[in-house]
Amino acid sequence: MNEHSRTTQTPPMLASLPLQPLGSPDPALTPRLVVTDLDGSLLDHHSYDFSPAAPWLARLNQLGVPVIPVTSKTRAELVTLRESLGLTATPFVAENGAVIGLPPGWCHARLDRPGSGRDGVVVKHTGVDVGFIRARLNVWRTRLGVRFTRMSELDITEVMSLTGLDETRARAARQREGSEPLIWQDDDTALKNFRLALEGDGLMLTQGGRFWHVMGNASDKGSAVDWLIKRFTALRGRPPLSLGLGDGPNDVSMLEAVDQAVVIKGCHELAVTPSNEALYRTRAAGPAGWAEGVAHWWGRDDRRLAAAPVLLAVTA
(Lines give C-alpha, C1' and ligand atoms only; values in the text may rest on other atoms or scores of the structure.)
Protein backbone atom coordinates (compact mmCIF):
# COMPACT_ATOMS: atom_id res chain seq x y z
CA MET A 1 0.00 0.00 0.00
CA ASN A 2 1.68 3.16 -1.12
CA GLU A 3 0.16 6.20 0.50
CA HIS A 4 1.55 9.01 -1.63
CA SER A 5 -0.48 9.79 -4.70
CA ARG A 6 -1.71 12.52 -6.96
CA THR A 7 -5.46 13.08 -6.99
CA THR A 8 -7.68 12.35 -9.93
CA GLN A 9 -10.16 14.75 -11.46
CA THR A 10 -13.58 14.49 -9.86
CA PRO A 11 -16.24 13.05 -12.18
CA PRO A 12 -18.73 15.93 -12.62
CA MET A 13 -21.74 13.95 -11.40
CA LEU A 14 -19.92 12.80 -8.26
CA ALA A 15 -18.85 16.35 -7.49
CA SER A 16 -22.47 17.49 -7.68
CA LEU A 17 -23.81 14.92 -5.22
CA PRO A 18 -25.13 16.48 -2.00
CA LEU A 19 -23.10 15.61 1.08
CA GLN A 20 -25.17 13.95 3.80
CA PRO A 21 -24.68 15.15 7.40
CA LEU A 22 -24.02 12.62 10.13
CA GLY A 23 -27.60 12.55 11.37
CA SER A 24 -29.50 12.18 8.09
CA PRO A 25 -29.42 8.51 6.96
CA ASP A 26 -32.57 6.51 6.48
CA PRO A 27 -33.62 5.61 10.07
CA ALA A 28 -34.83 2.21 8.84
CA LEU A 29 -31.22 1.20 8.16
CA THR A 30 -28.74 0.04 10.76
CA PRO A 31 -26.14 2.83 11.15
CA ARG A 32 -23.10 1.99 9.06
CA LEU A 33 -19.58 3.28 8.74
CA VAL A 34 -16.83 2.66 6.16
CA VAL A 35 -13.13 3.18 6.86
CA THR A 36 -10.77 2.81 3.95
CA ASP A 37 -7.17 2.91 2.91
CA LEU A 38 -6.54 5.02 -0.19
CA ASP A 39 -3.65 4.09 -2.51
CA GLY A 40 -3.99 0.56 -3.80
CA SER A 41 -7.49 0.39 -2.30
CA LEU A 42 -9.95 3.19 -3.07
CA LEU A 43 -7.37 4.66 -5.48
CA ASP A 44 -5.59 2.67 -8.17
CA HIS A 45 -1.96 2.03 -7.21
CA HIS A 46 -0.58 3.29 -10.54
CA SER A 47 -3.13 5.66 -12.11
CA TYR A 48 -4.78 6.89 -8.88
CA ASP A 49 -8.18 6.58 -10.57
CA PHE A 50 -11.19 5.76 -8.40
CA SER A 51 -13.94 5.50 -11.03
CA PRO A 52 -14.65 1.74 -10.48
CA ALA A 53 -15.57 2.60 -6.88
CA ALA A 54 -17.54 5.76 -7.71
CA PRO A 55 -20.99 4.09 -8.03
CA TRP A 56 -20.66 2.63 -4.53
CA LEU A 57 -19.37 5.96 -3.19
CA ALA A 58 -22.47 7.61 -4.64
CA ARG A 59 -24.78 4.95 -3.18
CA LEU A 60 -23.26 5.24 0.28
CA ASN A 61 -23.43 9.02 0.08
CA GLN A 62 -27.12 8.86 -0.78
CA LEU A 63 -27.77 6.63 2.23
CA GLY A 64 -25.77 8.85 4.58
CA VAL A 65 -23.10 6.22 5.25
CA PRO A 66 -19.82 7.99 6.17
CA VAL A 67 -16.77 6.90 4.16
CA ILE A 68 -13.64 7.81 6.10
CA PRO A 69 -10.15 7.86 4.52
CA VAL A 70 -7.57 6.23 6.80
CA THR A 71 -4.19 6.81 5.21
CA SER A 72 -0.53 7.57 5.68
CA LYS A 73 -0.96 10.70 3.57
CA THR A 74 -0.51 14.04 5.31
CA ARG A 75 -3.31 16.39 6.25
CA ALA A 76 -2.05 18.77 3.55
CA GLU A 77 -2.39 16.05 0.89
CA LEU A 78 -5.94 15.26 1.97
CA VAL A 79 -7.32 18.77 1.53
CA THR A 80 -7.82 18.50 -2.24
CA LEU A 81 -8.17 14.71 -2.27
CA ARG A 82 -11.21 14.76 0.04
CA GLU A 83 -12.80 17.32 -2.29
CA SER A 84 -12.11 15.11 -5.32
CA LEU A 85 -13.70 12.10 -3.62
CA GLY A 86 -16.67 14.05 -2.28
CA LEU A 87 -15.71 13.26 1.33
CA THR A 88 -15.43 16.72 2.89
CA ALA A 89 -18.32 16.04 5.31
CA THR A 90 -16.64 12.99 6.84
CA PRO A 91 -13.61 12.71 9.13
CA PHE A 92 -10.19 11.57 8.00
CA VAL A 93 -7.22 9.82 9.54
CA ALA A 94 -3.82 10.98 8.27
CA GLU A 95 -0.25 9.75 8.79
CA ASN A 96 -1.32 6.20 9.69
CA GLY A 97 -3.30 7.36 12.74
CA ALA A 98 -1.16 10.20 14.07
CA VAL A 99 -3.67 12.85 12.92
CA ILE A 100 -7.48 12.74 13.08
CA GLY A 101 -9.56 15.44 11.37
CA LEU A 102 -13.16 16.10 12.37
CA PRO A 103 -15.55 18.14 10.20
CA PRO A 104 -18.14 20.26 12.06
CA GLY A 105 -20.83 17.55 11.98
CA TRP A 106 -18.57 15.19 13.94
CA CYS A 107 -17.56 17.64 16.67
CA HIS A 108 -18.75 17.65 20.25
CA ALA A 109 -19.73 21.09 21.58
CA ARG A 110 -17.97 20.59 24.93
CA LEU A 111 -14.99 18.48 23.83
CA ASP A 112 -13.78 20.09 20.60
CA ARG A 113 -12.56 23.61 19.97
CA PRO A 114 -13.81 25.22 16.76
CA GLY A 115 -11.77 24.21 13.74
CA SER A 116 -9.68 26.56 11.66
CA GLY A 117 -8.78 26.66 8.01
CA ARG A 118 -10.91 26.70 4.94
CA ASP A 119 -12.77 23.48 5.79
CA GLY A 120 -13.33 24.16 9.50
CA VAL A 121 -11.81 20.81 10.48
CA VAL A 122 -10.88 20.16 14.11
CA VAL A 123 -7.51 18.39 14.20
CA LYS A 124 -6.50 15.96 16.93
CA HIS A 125 -2.93 14.69 17.29
CA THR A 126 -2.74 11.24 18.82
CA GLY A 127 1.01 10.75 19.05
CA VAL A 128 4.32 12.56 19.35
CA ASP A 129 5.66 15.50 17.40
CA VAL A 130 7.54 14.80 14.19
CA GLY A 131 10.51 16.79 15.48
CA PHE A 132 11.02 14.25 18.29
CA ILE A 133 10.72 11.37 15.81
CA ARG A 134 13.35 12.84 13.49
CA ALA A 135 15.73 13.50 16.36
CA ARG A 136 15.48 9.93 17.63
CA LEU A 137 15.92 8.54 14.11
CA ASN A 138 19.18 10.45 13.83
CA VAL A 139 20.33 9.12 17.19
CA TRP A 140 19.61 5.47 16.36
CA ARG A 141 21.08 5.71 12.89
CA THR A 142 24.38 6.76 14.48
CA ARG A 143 24.31 4.38 17.44
CA LEU A 144 23.24 1.29 15.50
CA GLY A 145 25.05 2.11 12.27
CA VAL A 146 21.91 1.28 10.25
CA ARG A 147 21.23 2.63 6.79
CA PHE A 148 18.05 4.47 5.85
CA THR A 149 16.97 7.77 4.34
CA ARG A 150 14.20 9.88 5.86
CA MET A 151 11.69 11.52 3.51
CA SER A 152 12.63 14.91 4.95
CA GLU A 153 16.19 14.27 3.76
CA LEU A 154 15.07 13.80 0.15
CA ASP A 155 14.81 16.78 -2.16
CA ILE A 156 11.57 17.49 -3.97
CA THR A 157 12.69 15.91 -7.24
CA GLU A 158 13.54 12.68 -5.41
CA VAL A 159 10.14 12.62 -3.69
CA MET A 160 8.47 13.22 -7.05
CA SER A 161 10.43 10.38 -8.65
CA LEU A 162 9.65 7.90 -5.85
CA THR A 163 5.96 8.70 -5.54
CA GLY A 164 4.81 9.93 -8.96
CA LEU A 165 3.55 13.15 -7.38
CA ASP A 166 3.78 16.54 -9.03
CA GLU A 167 5.77 19.22 -7.22
CA THR A 168 2.82 20.70 -5.32
CA ARG A 169 1.69 17.36 -3.97
CA ALA A 170 5.25 16.26 -3.25
CA ARG A 171 5.66 19.29 -1.04
CA ALA A 172 2.38 18.45 0.68
CA ALA A 173 3.63 14.89 1.29
CA ARG A 174 6.61 16.34 3.19
CA GLN A 175 4.39 18.35 5.56
CA ARG A 176 4.52 15.77 8.34
CA GLU A 177 3.04 16.34 11.80
CA GLY A 178 3.30 13.06 13.67
CA SER A 179 5.17 10.53 11.53
CA GLU A 180 8.23 10.21 9.33
CA PRO A 181 8.49 7.95 6.26
CA LEU A 182 11.85 6.43 5.45
CA ILE A 183 13.49 4.25 2.83
CA TRP A 184 15.10 1.23 4.48
CA GLN A 185 18.50 0.39 3.00
CA ASP A 186 19.77 -2.30 5.37
CA ASP A 187 19.14 -6.00 6.10
CA ASP A 188 16.47 -7.75 8.17
CA THR A 189 18.67 -8.18 11.23
CA ALA A 190 19.40 -4.46 11.32
CA LEU A 191 15.68 -3.78 10.87
CA LYS A 192 14.84 -5.94 13.91
CA ASN A 193 17.37 -4.12 16.09
CA PHE A 194 16.13 -0.77 14.80
CA ARG A 195 12.53 -1.66 15.61
CA LEU A 196 13.46 -2.65 19.18
CA ALA A 197 15.36 0.60 19.67
CA LEU A 198 12.36 2.63 18.51
CA GLU A 199 10.07 0.75 20.88
CA GLY A 200 12.23 1.93 23.76
CA ASP A 201 11.41 5.50 22.71
CA GLY A 202 7.68 4.81 22.53
CA LEU A 203 7.80 4.69 18.73
CA MET A 204 6.65 2.08 16.26
CA LEU A 205 7.57 1.10 12.70
CA THR A 206 4.98 0.11 10.10
CA GLN A 207 5.38 -0.87 6.46
CA GLY A 208 3.69 0.81 3.51
CA GLY A 209 4.12 0.24 -0.20
CA ARG A 210 7.19 2.37 -0.87
CA PHE A 211 8.12 3.61 2.59
CA TRP A 212 8.43 2.45 6.17
CA HIS A 213 6.70 4.83 8.59
CA VAL A 214 7.79 5.75 12.12
CA MET A 215 5.22 7.18 14.58
CA GLY A 216 4.14 7.06 18.19
CA ASN A 217 3.15 3.59 19.40
CA ALA A 218 -0.41 4.74 20.15
CA SER A 219 -0.89 6.26 16.70
CA ASP A 220 -1.79 3.29 14.50
CA LYS A 221 -4.75 3.18 12.15
CA GLY A 222 -6.69 0.78 14.38
CA SER A 223 -6.56 3.07 17.42
CA ALA A 224 -7.78 6.01 15.34
CA VAL A 225 -10.63 3.95 13.87
CA ASP A 226 -11.64 2.71 17.33
CA TRP A 227 -11.77 6.34 18.51
CA LEU A 228 -13.94 7.37 15.55
CA ILE A 229 -16.34 4.48 16.08
CA LYS A 230 -16.79 5.61 19.69
CA ARG A 231 -17.35 9.20 18.56
CA PHE A 232 -19.91 8.02 15.98
CA THR A 233 -21.71 6.02 18.69
CA ALA A 234 -21.77 8.99 21.07
CA LEU A 235 -23.19 11.32 18.41
CA ARG A 236 -25.64 8.85 16.87
CA GLY A 237 -26.72 7.11 20.06
CA ARG A 238 -26.03 3.61 18.77
CA PRO A 239 -22.95 1.78 17.46
CA PRO A 240 -22.51 1.34 13.71
CA LEU A 241 -21.90 -1.75 11.65
CA SER A 242 -18.36 -0.96 10.53
CA LEU A 243 -16.60 -2.05 7.35
CA GLY A 244 -12.87 -1.61 6.70
CA LEU A 245 -10.97 -1.97 3.42
CA GLY A 246 -7.21 -2.00 2.86
CA ASP A 247 -4.40 -3.68 0.96
CA GLY A 248 -1.23 -3.30 3.03
CA PRO A 249 0.45 -4.35 6.28
CA ASN A 250 -0.21 -0.97 7.88
CA ASP A 251 -3.93 -1.57 7.36
CA VAL A 252 -4.01 -4.65 9.63
CA SER A 253 -4.84 -2.82 12.85
CA MET A 254 -7.65 -0.95 11.06
CA LEU A 255 -9.08 -4.20 9.68
CA GLU A 256 -9.02 -5.68 13.17
CA ALA A 257 -10.94 -2.73 14.62
CA VAL A 258 -14.04 -3.17 12.42
CA ASP A 259 -16.92 -5.64 12.28
CA GLN A 260 -16.30 -6.67 8.67
CA ALA A 261 -12.98 -6.49 6.84
CA VAL A 262 -11.82 -6.57 3.24
CA VAL A 263 -8.25 -7.24 2.17
CA ILE A 264 -7.96 -5.87 -1.34
CA LYS A 265 -5.66 -7.73 -3.72
CA GLY A 266 -2.41 -5.80 -3.67
CA CYS A 267 0.22 -4.89 -6.23
CA HIS A 268 2.88 -6.26 -3.88
CA GLU A 269 3.94 -9.51 -2.21
CA LEU A 270 3.53 -8.26 1.36
CA ALA A 271 1.53 -10.36 3.83
CA VAL A 272 -1.72 -8.82 5.05
CA THR A 273 -3.22 -11.13 7.68
CA PRO A 274 -5.67 -9.41 10.03
CA SER A 275 -7.31 -11.42 12.82
CA ASN A 276 -10.94 -10.84 11.90
CA GLU A 277 -13.42 -13.69 11.49
CA ALA A 278 -15.51 -11.61 9.08
CA LEU A 279 -12.80 -11.30 6.43
CA TYR A 280 -13.08 -11.23 2.65
CA ARG A 281 -10.19 -11.19 0.18
CA THR A 282 -10.95 -9.68 -3.21
CA ARG A 283 -10.07 -11.07 -6.60
CA ALA A 284 -9.76 -7.62 -8.15
CA ALA A 285 -7.19 -5.00 -7.15
CA GLY A 286 -7.53 -1.29 -6.42
CA PRO A 287 -10.90 0.47 -6.68
CA ALA A 288 -12.47 -2.48 -8.55
CA GLY A 289 -11.53 -4.64 -5.56
CA TRP A 290 -12.88 -1.95 -3.25
CA ALA A 291 -16.26 -2.09 -4.97
CA GLU A 292 -16.12 -5.90 -4.91
CA GLY A 293 -15.48 -5.88 -1.17
CA VAL A 294 -18.32 -3.48 -0.35
CA ALA A 295 -20.68 -5.48 -2.55
CA HIS A 296 -19.63 -8.74 -0.86
CA TRP A 297 -20.63 -7.56 2.60
CA TRP A 298 -23.39 -5.07 1.89
CA GLY A 299 -24.66 -5.80 -1.61
CA ARG A 300 -26.73 -8.82 -0.58
CA ASP A 301 -27.43 -8.73 3.15
CA ASP A 302 -29.60 -5.62 3.06
CA ARG A 303 -32.12 -5.27 0.25
CA ARG A 304 -32.44 -1.55 0.89
CA LEU A 305 -28.70 -1.09 0.27
CA ALA A 306 -28.63 -3.44 -2.71
CA ALA A 307 -31.61 -1.73 -4.33
CA ALA A 308 -30.46 1.84 -3.79
CA PRO A 309 -30.14 3.45 -7.22
CA VAL A 310 -26.68 3.91 -8.65
CA LEU A 311 -26.55 7.64 -9.27
CA LEU A 312 -23.89 7.79 -11.90
CA ALA A 313 -22.00 5.92 -14.55
CA VAL A 314 -18.39 6.98 -14.58
CA THR A 315 -16.12 6.81 -17.55
CA ALA A 316 -12.36 6.67 -17.20
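Placed above this text is the structure.
Residues numbered from 1 in each chain as written. Predicted model: local features only at pLDDT ≥ 70, side-chain atom pairs only at ≥ 80, totals over all residues. Heavy atoms only, no water.

Student: Where do I start with the overall build of the chain in this structure?
Tutor: A tally of helices and strands in the chain yields eleven helices and twelve strands. For the chain, buried positions account for 53% of its 316 residues. Put simply, 66% of the contacts in the chain that link residues at least 6 apart link residues at least 24 apart. Here the chain displays about 13,400 Å² of accessible surface, and carbon together with sulfur accounts for 51% of that area. (Helix = DSSP H or I, 4+ residues; strand = E, 2+ residues; numbered from the N terminus. Buried < 20%, exposed > 50% of the residue type's maximum accessible area, 1.4 Å probe, protein only. Contact = heavy atoms within 4.5 Å. Areas by Shrake-Rupley, 256 points an atom, 1.4 Å probe, with all protein chains shown as cover.)

Student: Hey, could you run me through the nonpolar core in this one?
Tutor: One recurring pattern in soluble globular proteins is that nonpolar side chains are buried together. Val34, Leu60, Leu85, Leu243, Leu245 and Trp290 are the most contacted members of the largest nonpolar core, which totals 33 residues. Of all the secondary structure elements, the ones that give two or more residues to this core are α2 (54–62), α3 (75–85), β3 (92–94), β10 (241–246), β11 (260–265) and α10 (286–298). The greatest single-element share of this core, amounting to five residues, is contributed by α10. (Core = buried A, V, L, I, M, F, W, Y, C linked by side-chain atoms within 4.5 Å.)

Student: I keep staring at the pattern of salt bridges and nothing clicks. Help me out?
Tutor: A side chain of one charge can pair with a side chain of the opposite charge if their charged atoms are brought near each other. Summed over the entire model, instances satisfying the criterion amount to 16 salt bridges. Residue aspartate 39 pairs with lysine 73 through a salt bridge whose shortest N-O separation is 3.2 Å. Of the two residues, aspartate 39 is situated in the loop between β1 (32–36) and α2 and lysine 73 in the loop between β2 (67–69) and α3; the sequence distance between them amounts to 34 residues. Across this residue pair, the class does not change: aspartate 39 and lysine 73 are buried. (Salt bridge = Lys/Arg side-chain N within 4 Å of Asp/Glu carboxyl O.)

Student: Looking at this structure, I do not really get unusual backbone geometry. What am I missing?
Tutor: Among all residues save glycine, negative phi is the norm, and among peptide bonds the norm is trans. Its identity as a non-glycine residue notwithstanding, glutamate 95 has a phi of 50 degrees, on the positive side. With respect to the helices and strands, glutamate 95 occurs in the loop between β3 and β4 (99–102). Look at glutamate 95 and you get buried, because its relative accessible area is 0%. Positive phi, normally seen in glycine, also occurs at asparagine 96, with a value near 60 degrees. Relative to the assigned elements, asparagine 96 resides in the loop between β3 and β4.

Student: Whenever I open this one, the packing of α2 against α10 confuses me. Can you help?
Tutor: Each pair of packed helices can be summarised by the angle the axes make with each other and by the distance between the axes. Two elements in contact, α2 and α10, have axes whose closest approach is 9 Å; the angle formed by their N-to-C orientations is 45 degrees. It follows from the interaxial angle that α2 and α10 lie oblique. The residues of α10 that touch α2, namely those facing Trp56, Leu57 and Leu60, are Trp290, Ala291, Val294, Ala295 and Trp298. Looking at the contact of α2 with α10 residue by residue, the class counts come to eight nonpolar, no polar and no charged. (Axes fitted to C-alpha atoms, helices over the stretch in contact; angles between N-to-C directions. Parallel < 35°, antiparallel > 145°, perpendicular 65-115°, else oblique. Nonpolar A, V, L, I, M, F, W, Y, C, P; charged D, E, K, R; others polar.)

Student: Help me understand α2 in this model?
Tutor: Counting buried positions along α2 gives seven out of nine residues, so the element sits mostly inside the fold. Positive backbone phi, approximately 75 degrees, marks glycine 64, located one or two places after α2.

Student: Please clarify how the side chain of threonine 36 should be interpreted in this entry.
Tutor: You can see threonine 36 is positioned in strand β1. Exposure remark for threonine 36: the relative accessible area of 0% places this residue in the buried category. Looking at threonine 36, its side chain comes within polar contact range of the side chain of tryptophan 290, at 2.9 Å. Once you skip the residues sitting within four places of it in the chain, threonine 36 turns out to touch Leu42, Val67, Ile68, Pro69, Val70, Leu245, Met254 and Trp290. (Polar contact = N/O pair within 3.5 Å; in protein donor to acceptor, adjacent residues only side chain to side chain.)

Student: Honestly, the packing of helix α4 (residues 130–144) against helix α7 (residues 188–200) in this entry has me stumped. Any pointers?
Tutor: Orientation of α4 relative to α7, taken along the N-to-C sense of each, is 135 degrees, at an axis distance of 11 Å. The angle between α4 and α7 falls in the class oblique. As for the relative orientation of α4 and α7, their crossing is right-handed in sense. Judged by residue contacts, Leu137, Trp140 and Leu144 of α4 engage Asn193, Phe194, Ala197 and Leu198 from α7. Taken together, the residues that form the contact of α4 with α7 break down as six nonpolar, one polar and no charged. (Left-handed = near helix turned anticlockwise from the far one by under 90°.)

Student: Even after reading the chapter, I still don't get the environment of aspartate 259, so can you show me in this structure?
Tutor: Looking at where aspartate 259 falls in the secondary structure, it is placed in the loop between α9 (252–256) and β11. When the C-alpha atoms of aspartate 259 and leucine 279 are compared, they prove to be 9.1 Å apart, with 20 residues separating the residues in sequence. When near neighbours in sequence (up to four residues on either side) are disregarded, aspartate 259 contacts Pro240, Leu241, Ser242, Asn276 and Ala278.

Student: Hey, could you run me through the pairing of β4 in this one?
Tutor: The side chains of a regular strand alternate between the sheet's two faces. Neither face of β4 is open: one carries Val99 and Gly101, the other Ile100 and Leu102, and all of them are buried. As judged from the three bridges shared by β3 and β4, these two strands associate in the antiparallel manner. By the bridge assignment, alanine 94 is partnered in β4 with valine 99. Across four bridges, β4 lies against strand β5 (residues 122–125) in antiparallel orientation. Paired with glycine 101 across the strands is valine 123, a residue of β5. (Pairing = 2+ DSSP bridges.)

Student: Help me understand helix α5 (residues 156–163), please; the structure alone is not making it clear to me.
Tutor: Note on helix geometry: an α-helix contains 3.6 residues per turn, so any two residues three or four positions apart are oriented the same way. Of all the residues in α5, the buried ones are Ile156, Val159 and Thr163. Angularly, the buried residues of α5 cover 60 degrees about the axis, an arc narrow enough to put them on a single face. Of the exposed residues in α5, those oriented more than 90 degrees away from the buried face are Thr157 and Ser161. Packing partners of the buried residues in α5 comprise α6 (167–173). Immediately downstream of α5, the backbone of glycine 164 shows phi near 80 degrees, a positive value. (Arc of directions from axis to C-beta.)

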